[in-house]
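The primary structure of each chain is shown beneath.
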Amino acid sequence: MTEYLQLATCDYPEHVPADRPAIYAEQQRELGLTYVRLAEFAWSRMEPRPGEFEWAWLDEAIDAYQRGGMQVVLCTPTPTPPAWLIRAHPEILPYDEQGRVREFGSRRHYDFASPIYREHSRRITRAIAERYGEHPAVVGWQTDNEWACHNTGRSYGGASAAAFPAWLEAKYGSLEQLNTAWGNVFWSMEYTDWAQVKPPILLVTEPNPSHVLDYYRFCSSLIASFQAEQIAILRERSPGRFVTHNFMIFESGFDHYEVAKGLDFVSWDNYPTGMLEFFAPSGQSDDIKTHFARTGHPDLIGFNHDLYRGMLKGQEGLGRQGAGTPSGPWVMEQQCGQVNWAPFNPLPARGAVQLWTAQAWAHGVDVVSYFRWRAATMAQEVMHSGLLRHDETPDRGYEEVKALKLSDFPLGEVPAKVALLHDYDSLWLYDAQKHSASMSYWTQTVTYYMALRSLGLDVDILHPDADLSGYKVVVAPALTLISAEQARQFSALAASGTRLVFGPRTAFRTPGGETWSEGQFGPMSDLIGAKLLQYDSLRPGLTQSVKYGEGTFAATDWAESYRLSGARALASYAGGPLDTQAAVIRKGHVTVIGAHQQELIGTVLSEILMNVGISVETLPDGVRLSRRAGKTLLQNWNPHPVKWQGRLLAPVSFTVLDA
Amino acid sequence: MTEYLQLATCDYPEHVPADRPAIYAEQQRELGLTYVRLAEFAWSRMEPRPGEFEWAWLDEAIDAYQRGGMQVVLCTPTPTPPAWLIRAHPEILPYDEQGRVREFGSRRHYDFASPIYREHSRRITRAIAERYGEHPAVVGWQTDNEWACHNTGRSYGGASAAAFPAWLEAKYGSLEQLNTAWGNVFWSMEYTDWAQVKPPILLVTEPNPSHVLDYYRFCSSLIASFQAEQIAILRERSPGRFVTHNFMIFESGFDHYEVAKGLDFVSWDNYPTGMLEFFAPSGQSDDIKTHFARTGHPDLIGFNHDLYRGMLKGQEGLGRQGAGTPSGPWVMEQQCGQVNWAPFNPLPARGAVQLWTAQAWAHGVDVVSYFRWRAATMAQEVMHSGLLRHDETPDRGYEEVKALKLSDFPLGEVPAKVALLHDYDSLWLYDAQKHSASMSYWTQTVTYYMALRSLGLDVDILHPDADLSGYKVVVAPALTLISAEQARQFSALAASGTRLVFGPRTAFRTPGGETWSEGQFGPMSDLIGAKLLQYDSLRPGLTQSVKYGEGTFAATDWAESYRLSGARALASYAGGPLDTQAAVIRKGHVTVIGAHQQELIGTVLSEILMNVGISVETLPDGVRLSRRAGKTLLQNWNPHPVKWQGRLLAPVSFTVLDA
Amino acid sequence: MTEYLQLATCDYPEHVPADRPAIYAEQQRELGLTYVRLAEFAWSRMEPRPGEFEWAWLDEAIDAYQRGGMQVVLCTPTPTPPAWLIRAHPEILPYDEQGRVREFGSRRHYDFASPIYREHSRRITRAIAERYGEHPAVVGWQTDNEWACHNTGRSYGGASAAAFPAWLEAKYGSLEQLNTAWGNVFWSMEYTDWAQVKPPILLVTEPNPSHVLDYYRFCSSLIASFQAEQIAILRERSPGRFVTHNFMIFESGFDHYEVAKGLDFVSWDNYPTGMLEFFAPSGQSDDIKTHFARTGHPDLIGFNHDLYRGMLKGQEGLGRQGAGTPSGPWVMEQQCGQVNWAPFNPLPARGAVQLWTAQAWAHGVDVVSYFRWRAATMAQEVMHSGLLRHDETPDRGYEEVKALKLSDFPLGEVPAKVALLHDYDSLWLYDAQKHSASMSYWTQTVTYYMALRSLGLDVDILHPDADLSGYKVVVAPALTLISAEQARQFSALAASGTRLVFGPRTAFRTPGGETWSEGQFGPMSDLIGAKLLQYDSLRPGLTQSVKYGEGTFAATDWAESYRLSGARALASYAGGPLDTQAAVIRKGHVTVIGAHQQELIGTVLSEILMNVGISVETLPDGVRLSRRAGKTLLQNWNPHPVKWQGRLLAPVSFTVLDA
Ligand SMILES: [Zn+2]
Ligand SMILES: [Zn+2]
Ligand SMILES: [Zn+2]
């Protein structure tokens, strides 16, 4: 039996009168929704005072949703420890990068390292899991909410600061090892006692990047173990239900591959207009932001879909534990009207909610859950829309959801032939020393993704350690940190016939955060057949010409050149300090593109793809193709119609094509 | 007997040799000045050491001014507690929004909630009032100086933080009430003990707007009671003298209507060039700032005059207690050369000091007091001008004041037929959740004021609870918070024939800071005959067309549309997500303008005004008309001449016309 | 025997395997280098644990350099106190302007006032001086490294805050004197106890400029005495060696004239591209930054050369104590590839390293030391280039150094006929009250320097108290603080025939930071024959026309006018509030230029120079002339060729001409 995309919503029975869940459940079912997510911030209602639980309201709400035909996803309410807990144990509070306590009064006000909070996290998880773990309406769980949102992935004092030395000792064994690994001889930063090491903040000038890298790894490990404790309890007390987490947009606060382990599948929260205003990598100009203000940018959204679809791929010992629900990734929160948290919060275009839903499906999402059912009438999010308005009338998103035909969206595989590699260690190290204020790991990585999507390709985004054997082309835009073991894997992959494409700064740094003493490309020098010659950080207004075939491209932000030792130059710089030096090089199956320029990247990739028999299609701006389960989703994200291949594509619209 | 505008100055005998007051007084009298304000920062000279008072210098100075024919306004010196007091009681110091103590070394370094400071405030007020309360030269008092200047309206820690829970308990009675009123169920922010509540700072993400709103109200009440203590002492020990306070420009740090209660009249400090650089609402472009750099913008100044003129209007039990001095508002500090505190401090244009003085008169001011007599030769304000230069020679402002003919400026009524409504609760709530980074309460409100002034109208600015029965047209640009009682008053007003005009976001929020659960316009839905359909936050570059009659207007920053239930659409949106939806609506006497665009607002207002028989006059940019006591002040604020109605208006000039 | 420019490098044996120094020394010698600087950050290797010294690695390194033919400059390692010292004595840590402790983990994390750190500074200085003071390879010493780098010139809490009152007491004797000197009567800031005085931070609004000025002087005196302690020890234990310090670029954190006293000669660290991005005075536009992105701006670099060349000039009791090494200023660190610490770090143009070296020579530098030998492979500076790359291959700078012909660069005098005056007290006071956000002391001063350099002149930059008797023209661009004694010296100088040229704001302020009560020009009024009439702070977009002869100039940022009492107007303002007022005035040999406009300044200077027989040459943008030892260095700093006087100057190139 073919399965199709399913729909859901996030609802808050604690925010409305007790008679509402029954009414809402019926309306939700009528609208075609299957699931409702509940209770991720409801701790103060579950446990109003220490140890006094009140479940009646939630019992009744869940029963009402069940009677209405809805299935329930429950959450652990740990993003919002109540006032009574925080004031009794203020040491739970986290510290910001300025060394200040982050206070109670909003959400996510806890330090993952706090032993006291760990205990309470387990306690409340156990309580809710015992109460509802085997409730027939409950099909799955979400842990906490949006790890690291509002820069809460790292606390820079208190419990985290206290726990850091022991983590280092466990990792390095001796101070000598630590000092060597971090290069602490530089500026006499050598430690003689574990307790001397603190978080890398409030320093006189920039911190040691190795110090930063390990602090980020340490903080990431805290989130992983915090979640693992909740998963273990949920597995035990709620058999047969899935456990997932709703991850964020372009979030850099932890290693998502590490934290996702142990989940059944991954979910994420998709806010296309806010993403463009607030989370967009630095490469997006103000013109682009205005052009796509009412839809978001298709590739920024698509990148996140592809990232989360691939997050658990190739990880052994994982997979779906629950039953009866879709096992693919969910969009756990899908914007269905204006958001409230960006500097500007424009109204979505007509058709945008449908387009977002269709795109999510085409990029491999099995369930789309709209945030939120009814717009909140109180507190921080009153200006965020829902499917219903404050007055409970259907808002525009509701009408668009109602008009969706789910049978257009069969589940199935996304047939990506190209993999794009992504790694948080490289992200952290790159951004710790950007060298060019207009560049970042995300900017560099997303530029390659956009080049691929502009060619009409489906893309799998994967960790470099994933199984890459099935791909004809693997693109690694910004892996600045590559281990010797990873270098060996790349060699094997190239030997097997896979085409590898690398961006600038590749293999510049060691896993410890130093540079390879043999220089870039460190352990990949043989494979690539070259070494670094120069790199150049280009201020706005300064460009560096690259000649490639008949074309001339003006690189911005970054340009690097190479000394060849086996590779040949496909393109060279012209004029400027890099004049005549190699800009794009190739040895065998391996290509390196040293200049930052999207059209150049697209041209180089295009030739490689055609050489291995992958057909490419140069798409107009804002037009995109995505494929799933034998269908092709043709999308126009522009606010104006576009003529393309004899079709007239309406503004902000899509068509599902067979094949 | 006709009274005329009077002039004054601010002088600082403590800054100059002891022989100066006698010389200065004579010069001041010759220049035509009547009053001199003294001693608002002189505490360390009045009481150099705890309990040791030294009055001789001030006795002699006051006597010198008296002999010279000047009348004296004295101040309580509480804006500057001396070092000995602060170091003995550091708990007096206030906290900033970053949670840091604000240190001694400039001014206004105290927390209004400090019981110790309250005691010392009463003590020094009593001492100075006893000494000079019945001195024949002393005609009145100023309390402290510029409440809230430098963001001192609110302290975010220390004494204020300690006093906040008790204020809440007094207001709400029970924690249940508090939690409900603030919607604390959202994000589990519910309190179980009054002491758990802190100021809304250093949170992980944005605070609950209800929390913010009550903290602002609490802080405002502290200023009100702080001043009330001083007023009570002054009334008792200085009978027959007036008590006023010099308020600030576009200050949002407290509810001015609440704090002004108990004063005889209101004064304010008018710094037109600094205002434009530093305090101008966000709607003023850089081009406007350059064009009016040497005069300030006429409407930004006029707005403040009209605001303070109307501040005590319609408040029962108030009015002049003193005798023999003008009872209208004063400009207590009037810029008369360059200021020193804005990023740029251009020299005023020739004629600007005269123009400012004439405008003040025409907007209802009875006394203009120039700041300051002689430019300071020491400390923070050496680069601020005075009537005299550092070397005691007359500066340009002096020459302009000398050339004024006061008989051109008879006192009397400002014949405003239009009221514009203004309220600090709405201001606070609007700005707590702007939703569009380029919008604010002041920007929205001032845009309506400018539209009215561009039509040649005089405007009364009033609190929504004032008696509005005399006005043919009442404009409420940004009352986002409206109570059910206020809604009833608006209904009665409309029923009586008054035309009401509302801007966007009107009646969106409850007095507690939530949204009306029946949606905008809450309790005003019947009166307006419509409900909110959509609102749209427009990023720079994004506009929304509005068709009104033959015209098309491009709304910026904000656009909202309505579902009609009794009202009819006067204008509709064209294109974009609001296409065909109602933009301007009317039911009976009530009009709502949903789009932000000054020309559209002017056009709609113009028609309404003509319909009720108020004649309008479309004025060129920078040309303004103001009327008082049967005269009309025709002003050209442009740095170039303007031809208008057959007259050639010189740059930066005015003419007083009869009628 | 003619001496020539010598070359050097900075090397870090502690960062590399023990076999490297021997190899490197040989390579350095081959490259033509004479000196190697060592060990400024190596404390944790010299003394890994309290009191346990390990010298073997440094003994071996120094011996290796000696064997290789290199001479060694050693450093006191005090910029980087090790973790064991900081954690044992956290009171050593400095405080930032936000009142926060600046933490261990990078460098310069100490408070100059800490008695404990003073003791350890002397202890480690003594230890290293005893070990190597008479080593035959060691020719000289550098104290610490880059005083005040990363805003460490001032600590705003802790030890410095504790020591400030005693410094004030020593200076003023009584609190009455202090209160009078600072004008503390203003805003009741009077102190009744020395301990009440704190650093001028975290105030409610701006601090008293006199308070700021004295805090800056106090902090400067701490650096001077900190260094003096090291110098005394080095003189005692390392006889015959020179002692220098490597100063920074446009550093304002202390009085360099005070701190330089006691050194044999001055050195500085020259980073032309980073300087332009990061340290350039505010007058440099983005276009200029892009144009000179790969070379830096010739005059910004030249200014620093000339500043440091003149730093010890005219100071009695000083001079070279060592022997056998050049006694002129050194560039102790010379950029030789990209830097890593500016927002953008472009690659230098081809030829830039040679051009920088030649320019340094022409401006009086005797030794240029390239930073650094090999690019660091660890920690904060991995992205900073060296002469060798990470992989130890020669980088582009190496090749350029190799091609230098040192015999082109004979040592000798720079024949400057014009002196430009510079003073840190004026800098501090000016910038404490800029009055115009786009202006600063450096901007004003550098504008005059650029005007002189555009005319082809060599310039000595000197303290106002230096012996100025040899100069035909003395230019004082921004001496806003002038003492009565200095006024007398200027009078004597003018009487002797020297032409004096002053910029705006001259002699506006007293040495205490007040204004002269007789107004600008205070004690110089007679000499100048005028008093201030008005000053005007011009926002961007606002200009003020000046008519001078046939020319019209549009002043930006600042314009001031004068009342004449002996002087005559050479130029007047036209239009605007200063219309017809005097803009440029002259009495006898003294000229004052009141308007900020580089071409106007150049025109006025040009006429004065020609009048006294100094020939001027109007140079194209980016072309510069510098003279030394009978040679002329003709430079083209543009990235394109320039035709000039029949020559075609290649991009980024120089020629050494005879005469
Ligand atoms: Zn990884
Ligand atoms: Zn109110
Ligand atoms: Zn000096």
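Keep in mind it's a predicted model, so treat the numbers as computed, not measured.

Draft legend 1. Highlighting the coordination of the zinc ion (ligand 1). Residues and elements named next belong to chain A. Looking at the metal site, the zinc ion (ligand 1) is ligated by D423 (OD) and H463 (NE2), spaced 1.9 to 2.7 Å from it. Linking D423 in the loop between β10 (418–421) and α15 (424–432) with H463 in the loop between β11 (459–462) and β12 (473–476), this pair joins segments that are 40 residues apart in sequence. We classify D423 as buried; its relative accessible area is 3%. Of the residues examined, H463 reaches a relative accessible area of 14% and is grouped as buried.

Draft legend 2. Representation of the UniProt feature "domain: Beta-galactosidase trimerisation" (unreviewed entry) in chain A within the structure. Mapped onto this numbering, the UniProt entry gives "domain: Beta-galactosidase trimerisation" (unreviewed entry) at residues 416–608 of chain A. Taken as a whole, residues 416–608 of chain A contains 26% helix and 30% strand, while its terminal C-alpha atoms sit 16 Å from one another.

Draft legend 3. Representation of the sheet that holds strand β5 (residues 242–244) of chain C. All names here are of chain C. Taken in spatial order, the nine strands make up an open sheet running β5-β4-β3-β2-β1-β9-β8-β7-β6, and their pairing is parallel. In this open sheet, the two edge strands, each paired with only one partner strand, are β5 and β6 (246–247). Across the sheet, helix α3 (residues 56–67) lies against β2 (35–38) and β3 (71–75), angled at about 170° from β2, the strand it touches most.

Draft legend 4. Structural context of the packing of helix α12 (residues 298–309) of chain B against helix α13 (residues 352–362) of chain B. All names here are of chain B. With their axes 10 Å apart at the nearest point, α12 and α13 run at an angle of 40° to one another. With respect to α13, the axis of α12 lies oblique. Between α12 and α13 lies a crossing of right-handed hand. Facing α12, whose interface residues are P298, I301, G302 and H305, α13 presents W356, Q359 and A360. Taken together, the residues that form the contact of α12 with α13 break down as four nonpolar, three polar and no charged.

Draft legend 5. Quick peek at unusual backbone geometry. Residue A:F521 follows A:Q520 across a cis peptide bond; omega there is 10°. Counting through the fold element by element, A:F521 comes out in the loop between β13 (499–502) and α18 (525–528). For B:S188, which is not a glycine, the phi torsion comes out positive at approximately 50°. Assignment of secondary structure puts B:S188 in the loop between α7 (175–182) and α8 (209–237). The exposure class assigned to B:S188 is buried, which follows from its relative accessible area of 0%. Positioned with a positive phi, B:A629 is a non-glycine residue whose angle comes to about 50°. Mapped onto the elements, B:A629 comes out in the loop between β21 (623–628) and β22 (631–636). Among the residues examined, B:A629 registers a relative accessible area of 30% and is labelled partly exposed.

Draft legend 6. Spatial organisation of the sheet that holds strand β25 (residues 653–658) of chain C. Residue and element names in this part refer to chain C. The sheet built from three strands is open, its strands ordered β21-β22-β25 with antiparallel pairing. One side of each edge strand has no neighbouring strand; the edge strands of this open sheet are β21 (623–628) and β25. Each strand of the sheet is rotated relative to its neighbour by a mean of 20°, with strand direction disregarded. In this sheet, β25 lies alongside strand β22 (residues 631–636) in antiparallel orientation, the contact comprising six bridges. Across the sheet, the residue bridging to T632 is L657, located in β25. Sitting on the sheet, helix α13 (residues 352–362) is in contact with β21, β22 and β25, with an inclination near 145° to β22.

Draft legend 7. How the structure looks around the relation of the copies chain C and chain A. With an axial shift of 0.0 Å and an RMSD of 0.0 Å, the rotation relating chain C to chain A amounts to 120°. Here the symmetry operator amounts to a three-fold rotation axis.

Draft legend 8. Molecular detail of the interface of chain C and chain A. In this assembly, 59 residues from chain C lie in contact with 56 residues from chain A. Roughly 4,900 Å² of surface becomes buried between chain C and chain A when both sides are summed, with 55% attributable to carbon and sulfur atoms. Looking at the side of chain C facing chain A, the largest losses of area belong to C:F344, C:Q380 and C:M383, adding up to 16% of the total buried there. Our count for the contact surface shared by chain C and chain A stands at seven salt bridges.

Draft legend 9. Region of the structure containing the domain arrangement of chain A. Residue and element names in this part refer to chain A. Taken domain by domain, chain A consists of domain 1 (6–149 + 213–408), domain 2 (418–611) and domain 3 (623–658). Computed over C-alpha atoms only, the centres of domain 1 and domain 2 are separated by 35 Å. On the domain 2 side, the residues contacting the 27 residues of domain 1 number 28 residues. Of the roughly 2,400 Å² buried between domain 1 and domain 2, counting both surfaces, carbon and sulfur atoms make up 61%. Area buried by domain 1 at its contact with domain 2 is led by L213, Y257 and F303, which between them contribute 26% of it. Summed over the shared surface of domain 1 and domain 2, the number is three salt bridges.

Draft legend 10. Fine view of the side chain of C:Q544. Residues and elements named next belong to chain C. With respect to the element layout, Q544 can be found in strand β15 (residues 544–548). The class of Q544 is buried, set by a relative accessible area of 1%. In this structure the side chain of Q544 is engaged in a polar contact, spanning 2.9 Å, whose partner is the backbone oxygen of G575.

Draft legend 11. Structural context of helix α3 (residues 56–67) of chain A. All names here are of chain A. Taking 1.5 Å of rise per residue, 12 residues should cover 16 Å, and α3 covers 16 Å from first to last C-alpha, within 8% of that figure. Within the span of α3, buried status applies to W57, L58, A61, I62, A64 and Y65. End-on, the buried residues of α3 take up no more than an arc of 160°, which puts them together on one face. Exposed residues on α3 whose side chains face more than 90 degrees from its buried face are E60 and R67. Buried residues in α3 make contact with α1 (20–31), β2 (35–38), α2 (43–46), β3 (71–75) and α5 (115–132). Count one or two residues on from α3 and you reach G69, which has phi positive near 95°.

Draft legend 12. Molecular detail of the nonpolar core. The biggest cluster of nonpolar side chains holds 538 residues, and the ones touching the most others in it are A:F247, B:F247 and C:F247. For A:F247, the contacting residues outside a window of four places in its chain are A:W147, A:F254, A:H256, A:V259, A:A260, A:L263, A:V266, A:S267, A:W268, A:D269 and A:Y308. One finds B:V382, C:A507, C:L532 and C:V592 within the second-largest nonpolar core, a separate group that totals 34 residues.

Draft legend 13. Region of interest: the UniProt feature "binding site: substrate" (unreviewed entry) in chain A. This chain's UniProt record puts "binding site: substrate" (unreviewed entry) on A:R107, A:N145 and A:W341. Here A:R107 shows up in the loop between α4 (83–88) and α5. Every residue in contact with A:R107, bar those within four places of it in the chain, is listed here: A:F41, A:P79, A:T80, A:N145, A:E146, A:C149, A:H150, A:E381, B:W187, B:V204 and B:T205. Among the secondary structure elements, A:N145 is positioned in the loop between β4 (138–142) and α6 (158–172). Excluding residues that lie within four positions of it along the chain, A:N145 makes contacts with A:R37, A:E40, A:F41, A:P79, A:R107, A:R108, A:H245, A:N246 and A:E333.

Draft legend 14. Summary view of the packing of aromatic side chains. Residues and elements named next belong to chain C. Considering all chains together, one arrives at 150 aromatic pairs over all chains under this definition. Arranged with centres 5.9 Å apart and planes meeting at 85°, the rings of Y271 and W341 form a pair that is edge-to-face. Residue Y271 is located in the loop between β7 (267–270) and α10 (272–279), and its partner W341 is located in the loop between β8 (330–335) and α13; the two are separated by 70 residues in the primary sequence. For Y271, a relative accessible area of 6% puts it in the buried group.

Draft legend 15. Just the packing of α12(B) against helix α16 (residues 441–454) of chain B, in detail. All names here are of chain B. It is at 10 Å that the axes of α12 and α16 come closest, and there the two elements cross at 100°. One finds that α12 runs roughly perpendicular with respect to α16. Between α12, through D299, L300, G302, F303 and D306, and α16, the contact on the second element is made entirely by W442, T445, V446, Y449, M450 and R453. Counted by class, the contact of α12 with α16 contains six nonpolar, two polar and three charged residues.

Draft legend 16. Region of the structure containing the environment of B:V139. By the secondary structure assignment, B:V139 is in strand β4 (residues 138–142). On a C-alpha basis, the gap between B:V139 and B:S238 in space is 9.3 Å, while along the polypeptide they are 99 residues apart.

Calculation rules
- Residues numbered from 1 in each chain as written.
- Chains lettered and ligands numbered in written order.
- Predicted model: local features only at pLDDT ≥ 70, side-chain atom pairs only at ≥ 80, totals over all residues.
- Heavy atoms only, no water.
- Donors = N, O, S within 2.8 Å, 3.2 Å for Na, K, Ca; no water.
- Helix = DSSP H or I, 4+ residues; strand = E, 2+ residues; numbered from the N terminus.
- Buried < 20%, exposed > 50% of the residue type's maximum accessible area, 1.4 Å probe, protein only.
- UniProt positions renumbered as here; feature names shortened; annotations may be inferred.
- Pairing = 2+ DSSP bridges.
- Contact = heavy atoms within 4.5 Å.
- Axes fitted to C-alpha atoms, helices over the stretch in contact; angles between N-to-C directions.
- Parallel < 35°, antiparallel > 145°, perpendicular 65-115°, else oblique.
- Left-handed = near helix turned anticlockwise from the far one by under 90°.
- Nonpolar A, V, L, I, M, F, W, Y, C, P; charged D, E, K, R; others polar.
- Least-squares fit on C-alpha atoms with pLDDT ≥ 70 in both.
- Buried area = accessible area lost by both parts, 1.4 Å probe.
- Salt bridge = Lys/Arg side-chain N within 4 Å of Asp/Glu carboxyl O.
- Domains from an automatic or database assignment.
- Polar contact = N/O pair within 3.5 Å; in protein donor to acceptor, adjacent residues only side chain to side chain.
- Expected span 1.5 Å × (residues − 1).
- Arc of directions from axis to C-beta.
- Core = buried A, V, L, I, M, F, W, Y, C linked by side-chain atoms within 4.5 Å.
- Phe/Tyr/Trp six-rings, centres within 6.5 Å; stacked < 30°, edge-to-face > 60°.

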